[in-house]
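# Reading the structure
Each chain, written out:
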Amino acid sequence: MRISCLQENLARGLSMVSRAVATRSTLPVLGNVYVGTDGGRLKLMATNLEIGLSCWVGARVEEEGAITVPARLFEELVKQSPPERIELEVDTRTETLHYRCGSLSASIKGIGASEFPIMPAADEAEGVRVRVDGDVMAEVVEQVVFAAATDETRPVLTGVLVEFEEDRMTLAAADGFRLSVRSARLEGAVEAPLRVIVPARAMGELGRIVKQVGGEILVILTPNRNQVLFHMAEVDLVSQLIEGTFPDYRLIIPKSFETRVVVDTARFLETVRRALIFARDAANIVRLQVGNAGGPAETHEQAARLVVRAEASETGSGEEAIPAAVEGAPLEIAFNGRYLMDVLSVVGSPQVALELTTPSSPGVFRPVGTETEFTHVVMPMHLGGR
Amino acid sequence: MGIRVLPPDVANKIAAGEVVERPANVVKELVENALDAGATEIRVEVQRGGRRLIRVADNGCGIPADQVALAFEHHATSKVRTAQDLFSVHTLGFRGEALPSIAAVSRVTMLTRPREQAVGTEIRLAGGEVVSTRPAAAPAGTVVTVEDLFFNTPARRKFLRTVATEMGLIAEIVSHYALAYPERRFTLVGDGRTLFQTPGTGELRDALLAVYGLDVVRHMLTLDASLDPQSGIRVHGAIGGPALHRANRKYLIFFVNGRVVRSPMLTAAVEQAYQGVVPTGRHPFAVLKVEMPPDQLDVNVHPQKLEVRFARGDEVFRAVQRAVRRLLVEEAPVHRYTRPVEVVDRPLEEAGSPPPLWPEKPRPGGEARLPGAMSGSPAPSSHRPELPGADVGGTKLPPLRVLGQMMTTYIVCEGPDGLYLVDQHTAHERVLLERLRRQRERQAVPAQRLLQPLTVELTPQQLAVVDEQHDVLRRLGFEVEPFGGLTVVVRTLPEVLKDHPDPAAALAEVLDGAIHDRRGLSWEERLTVYAACRGAVKAGDPLTHEEMVELIRQLEQTDLSRTCAHGRPTVVKLSQAQLEREFGRR
C-alpha cells in the first residue's frame, strides 16, 4: 500500500474510530486500527467485537493494500504531526508501516490486515433498511441513552430499545428507577414493525458521531438480527444486539395523574442543582412541594408555586420556591436530585410539565409547548416508616 | 424439707426438658422415628414455628394396635433389646425417650397402621396421659401430630424465640435429614406453604438442588471417596469449590452413620483442608457423610444425640481432611493466601465483645476432649494471626491524608504519627451503618421505589423473616410482599442498596446475614447491620482519589468504638516509631 492524505483528515478519522478500540483485550489485533485502501479512499477501522467503527478519509491512492497498527500510538503520532501531507507506505514483508510527514519520518510495526475481524459493509449488507435524519437521531439518543442501566445483572437494561413501526421510530431506555421514551417521525414508513435492543454504549457513540458528521443515517438490520449497522456519510457503526425482551414501557408510563405542575425548565434545573448542595449528604433526596400540600392554599401565590427543598441532618437545609402553573391537588413528593438533573438537562423545551399522582407513584416529565414526543418516568424516594 | 422421690409427672417433665427444648427437637425426633420405620416418604408440616402444630407423616412400617400405647412408655423401644446392642446401634433412635418426652409437654395424636393390618389405631395424649385410644381408618405408616407444645410448661414456652427463628431451625433440621437421606422424599410445609421437596432420587445433588437451589449446586464438587480399608472409614458427599464460601460455619454439615452431628473436630478437619482455598474469615460449604463401623462410635453422649464420640478421632480427622483436600487439589486450582504481614499495629478494637471465633463451643464431655481427637484437631484460633498490641488511643481517627489505594482493597493514608491502612469495605460499612442507625431513629431511612417491582426467590428461612419482620424491613426501606410460594415482590430498596449490582440478590444477602448473625442483637439491628454491609463498596472496587478522600472524611467523623458487622478491624496503623525501628533509624 502506498497513499498520501492530509494530516488534518487522517487525525479526524482516527479520532472518529478510536473509541471502538479495545482497551484490554487478549487479542492484540483489537488494540490496533486498520489502515487500508478502499476504492480511492483510505479506510480506517477499529472494533472491540461489541461495536465496530469504520471511517473513510480522502486520499491519493498510489498502490492498494492494508495493515493494522497500534491505535493509541498511531493516533498520537498523527495528531502531533505538522499540518502537512502524510505519506503512508506498507512493507508487507516486515509488516511495517512507513510514515512520512514533512521532515518527520517514522516506521510502525503492525499486524497483518488479514488478522483483523471482518466487518460488514453498508453496500453489501442485506437486511431491512430505514432512513433516519441525523439531527433527529442525535436529539433522540441524547434524551434516552442516559437512562440505561450501567450494571450487567439485567443485560437488556444496559441497552436501548429501538423500535420502528410504520412511519415512527421510538427509543426507550430504563434502569431500575427511571425510564426515558422518545418517539419521532420517519420520512418513509417501514413495511413491518422492527424491535431491537442496541447496547447503550453503541447508541452513545452514534449520537456523538452523528453530531459531528450530520446528514442522513441509513439503519440496516441484518437478517439474522444479531447486528445493526448505522451508515453515515463517512462513518459506519456496527453493533452487536442484546438478546432478550425489553420490558413493555407502555405499561410503566402512568395513564393518568392527579396533579400537574408546569415550570420553567432552566429555573427548575438551577434550583435542583442548588438543592443538591444540601442533598449530597442525604442520599440526594430533593423534596418537591406542589401547591400548598398539607392544607388548602391560603393565597393564590402559594398555590401557584413549586417549592424545592433539601435537608441533611448534619449540614442544614435549604429551600427555594419557583413560580408554577399548578393543576389539581397539592402534593409533596421526593426524588433523587441527580435523576431530576438528568432529565431536566435533556428535556429541550423552555417549559416542562411534571405529572404526579401520589407520593409513592411515579413522576412523569414531559416537554411543554413543543411537538416533541418525550416522556420520562422517575420513581420517587420516600423515608422508611413514614 | 426432707428428700422425697418426685411424682412421675414432675419427673417426666424434667426428662422431657432434656430431649425437647424447642420445636425443632420434636421435629428431629419424629423425623428420626420415621426414618427408622423405613419410610420412603416423609412429610413435615409446621404451623407458627411449631408452637401451634407439628405433624410428621410417613409411609413406614407403622405400629401394631397392641403396641401403640407402649410406644409412649418411657424406655420403650423396638430398636435396642440388650445393653450389648447399644454398642452397635444401627437405628437413629434407641433410648425410647422421644415419644414419651414429647407427649409429656404437648397434646399428641398418633394415627398409625402397619401395612399388613386392615385397620389402624388412633391414640390421643395430653400432658403424657392417654386421653383416648380407638381403631381408626389410616393410611399405611404413621402420622404424629403434636399440638400446643409446652402448653403445660409455661416457662419453656416463654423461652421460645420468634416464629421465624424456630421455623428456621426446623427448616435446618429437615433439610439436613433430606440431604442425609437423598433416597427418601422429604417435604416441608410451613404455614400451608411448601418450603421444599426433595425428589428422593438417591442423588445428593438432587437433594442439594431442592434445598439450596441452583446457585449453590453449580459450585459443588462431588466427593466420592472409597472405603479406607485400614480404618473402615468412608467419607463422601459434596463440597463447595473455591468460589463458594460463607460468612459462618452453618454450612458445614456432617452426617456420621446417617446421623446429623455437630462436631468441632470434623469442622476443624474440613477447615484445615480448605486452608488457603477460601479467603481468611470465610468458611467453606460442605455436606459430608462419614461412615464407619458402629462399634467405633458412641452416639449416646448428648441428650439430643447431636454429638458423637469417636473411638479413634485422629483417624477420622485425617480421613476427612485428606479426602476433602484431595478433591480440592484435583478439581480446583488451589491458590494460597499468604499469611498476614508481621508489622501490624493493633487494630482499633471493638468496645463490644468480639464475635466468638468458635460459635459451637466444644461441650465438656464432647469428643474434642478425647486425647485422640485433640492431636488431630488444632484449635481454630491458631489459624488467626496474633496481632501485637500497641495503643492507638481514642475512638476517633486523627485527620488523615489519602496517599492511594492498594490492591483495590485498602486505602493508604498518612496520619500525624504513622501510616494508616484502611479497609475500604469495613470503613464504608461503618459510615453507612452509623447513618442508617441515625436515620432509623428518626424513622427516616431513605428508600428508592423501583420502576418495576422485582421478584426474588427466597429460601424458607429468609421468607419466614420477611413475613415476621415485615415492619422492620419497611422501616429500613424494603417494601416486600409475598408473591406465592417462596417468591416475594420487592417494591422499594433502601437507598444505600440502590447501586448494588443485583438489587434482588441484595435482599437475600441482607436476610441471610441477619439470620446467621448470632450476636444476640435484635432483628432490626441485625438487618440494619447487613444492609450497611451490602451497600458498602467491596474489596476489589476501584475508587477514585476523590471517593477515597470523601470516605476517609466520613470515617473520621465516625465513632469507631461501636460494633461493626464483622468485628474485623477497620484501620491498621504502622507507627512512626515502628517504621524507624524497621529501617534501623533507632
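Okay, so let's go over this structure. (Residues numbered from 1 in each chain as written. Chains lettered and ligands numbered in written order. Predicted model: local features only at pLDDT ≥ 70, side-chain atom pairs only at ≥ 80, totals over all residues. Heavy atoms only, no water.)

## Side note on the interface of chain A and chain B
Many structure descriptions define interface size as the accessible area lost when the parts assemble. Contact with chain A, which involves 28 residues of that partner, is made by 23 residues of chain B. Here chain A and chain B share 0 salt bridges between them. At the junction of chain A with chain B, the criterion picks out 7 residue pairs in polar contact (both at pLDDT 80 or more). Counting only elements with at least two residues in the side of chain A that touches chain B, the list comes to β13 (178-185) and β27 (381-383) of chain A. At 3 residues, β27 of chain A tops the list of elements feeding residues into the side of chain A that touches chain B. Examined bridge by bridge, β27 of chain A and strand β21 (residues 446-457) of chain B share 3 bridges and lie antiparallel to one another. Across the sheet, residue H382 of chain A finds its bridge partner in β21 of chain B, namely A447 of chain B. (Contact = heavy atoms within 4.5 Å. Salt bridge = Lys/Arg side-chain N within 4 Å of Asp/Glu carboxyl O. Polar contact = N/O pair within 3.5 Å; in protein donor to acceptor, adjacent residues only side chain to side chain. Helix = DSSP H or I, 4+ residues; strand = E, 2+ residues; numbered from the N terminus. Pairing = 2+ DSSP bridges.)

## Concerning the sheet that holds strand β1 (residues 2-6) of chain A
All names here are of chain A. Taken together, 5 strands build an open sheet; the order of strands is β5-β1-β7-β8-β9 and the sheet is antiparallel. Edge positions in the open sheet fall to β5 (60-63) and β9 (104-109), since each of these has one partner strand only. The mean inter-strand angle of the sheet, taken between neighbouring strand axes irrespective of direction, is 20°. One ladder, built from 6 bridges, connects strand β8 (residues 96-101) with β9; its direction is antiparallel. Within the sheet, the bridge partner assigned to L97 lies in β9 and is I108. The sheet contacts of helix α1 (residues 7-17) involve β1 and β7 (85-91), and relative to β1 the element is tilted by about 95°. Along the sheet, helix α2 (residues 71-79) makes contact with β7, β8 and β9, crossing β9 at roughly 170°. (Axes fitted to C-alpha atoms, helices over the stretch in contact; angles between N-to-C directions.)

## With respect to the environment of H376 of chain A
Residue and element names in this part refer to chain A. The residue H376 is located in strand β26 (residues 373-378) in this model. In this structure the C-alpha to C-alpha distance between H376 and V364, which are 12 residues apart in sequence, comes to 5.6 Å. Polar contacts involving the side chain of H376 include one to the side chain of S180, which spans 2.8 Å.

## Points about the packing of aromatic side chains
Under the criterion given, the structure shown has 7 aromatic pairs over all chains. Considering the side-chain rings of Y34 of chain A and F116 of chain A, the 5.7 Å spacing of their centres and the 45° angle between planes classify their relative orientation as tilted. Of this pair, Y34 of chain A sits in strand β2 (residues 32-38) while F116 of chain A sits in the loop between β9 and β10 (128-133), and the two are 82 residues apart along the sequence. On the accessibility criterion, Y34 of chain A (14% relative accessible area) is buried. Taken together, a centroid distance of 6.2 Å and an interplanar angle of 85° make the contact between F74 of chain A and Y99 of chain A edge-to-face. You can see F74 of chain A sitting in helix α2 and its partner Y99 of chain A sitting in strand β8, a full 25 residues away along the chain. Over the face of the ring belonging to F151 of chain B we find R107 of chain B, whose NZ or CZ atom lies 4.1 Å from the ring centre. Sitting over the face of the ring of W523 of chain B, R526 of chain B holds its NZ or CZ atom 4.2 Å from the ring centroid. (Phe/Tyr/Trp six-rings, centres within 6.5 Å; stacked < 30°, edge-to-face > 60°. Buried < 20%, exposed > 50% of the residue type's maximum accessible area, 1.4 Å probe, protein only. Lys NZ or Arg CZ within 6 Å of the ring centre and 35° of its normal.)

## Looking at the pairing of strand β11 (residues 159-165) of chain A
Residue and element names in this part refer to chain A. Burial analysis of β11 places 6 of its 7 residues in the buried class, which makes it a mostly covered element. Note: β11 against strand β14 (residues 194-199), 6 bridges, orientation antiparallel. By the bridge assignment for β14, E163 is matched with R195. The pairing of β11 with strand β12 (residues 168-174) spans 5 bridges and is antiparallel. Directly across from F164, in β12, lies its bridge partner M169. Hairpin connection, β11 to β12: the antiparallel pair is bridged by 2 residues, and E166 has positive phi, about 50°.

## Let's talk about the packing of helix α14 (residues 503-516) of chain B against helix α15 (residues 523-535) of chain B
To characterise two packed helices, one gives the angle between the axes of the helices and the distance between these axes. Residue and element names in this part refer to chain B. Between α14 and α15, the shortest axis-to-axis distance is 8 Å and the interhelical angle comes to 135°. Overall, the two elements α14 and α15 adopt an arrangement that is oblique. Crossing hand, α14 versus α15: right-handed. Residues E509, V510, L511, G513, A514 and I515 of α14 form the contact with α15, whose participating residues are W523, R526, L527, Y530, A531 and R534. (Parallel < 35°, antiparallel > 145°, perpendicular 65-115°, else oblique. Left-handed = near helix turned anticlockwise from the far one by under 90°.)

## Quick word on α14 of chain B
Residue and element names in this part refer to chain B. Its 14 residues give α14 an end-to-end C-alpha distance of 20 Å, which sits within 8% of 20 Å, the value for a rise of 1.5 Å per residue. In terms of residue burial, α14 counts as a mostly covered element, since 11 of its 14 residues are buried. Three or more residues of α14 are buried, namely P503, A504, A506, L507, A508, V510, L511, G513, A514, I515 and H516. Where α14 is buried, its residues contact β21, α12 (460-468), α13 (470-475), β22 (479-482), β23 (487-494) and α15. (Expected span 1.5 Å × (residues − 1).)

## Notes on unusual backbone geometry
Excluding glycine, residues mostly have negative phi values, and the peptide bonds linking residues are mostly trans. Residues and elements named next belong to chain B. For D148, which is not glycine, the phi torsion reads 50° and is therefore positive. Within the secondary structure, D148 sits in the loop between β6 (141-147) and α4 (154-158). Note on D148: relative accessible area 29%, which makes it partly exposed. Even without glycine at this site, F150 takes up a positive phi of about 65°. Examined against the element boundaries, F150 turns out to sit in the loop between β6 and α4. The class of F150 is buried, set by a relative accessible area of 1%.

## Some words on the pattern of salt bridges
Summed over the entire model, instances satisfying the criterion amount to 49 salt bridges over all chains. Here E355 of chain A makes a salt bridge to R260 of chain A, at a shortest N to O gap of 3.5 Å. Here E355 of chain A is found in strand β24 (residues 351-356), whereas its partner R260 of chain A is found in strand β18 (residues 259-264), with 95 residues between them in sequence. The buried category is assigned to E355 of chain A, whose relative accessible area is 8%. Between E291 of chain B and R234 of chain B there is a salt bridge, with the nearest N and O atoms lying 3.8 Å from each other. Placement of the pair is E291 of chain B in strand β15 (residues 286-291) and R234 of chain B in strand β10 (residues 234-240), with a sequence separation of 57 residues. Looking at E291 of chain B, the relative accessible area reads 33%, which means it is partly exposed. In this structure R234 of chain B comes out as partly exposed when scored by relative accessible area, which is 26%. Taken together, the salt bridges that share partners define one network made up of R437, R440, R475, E524 and E525 of chain B.

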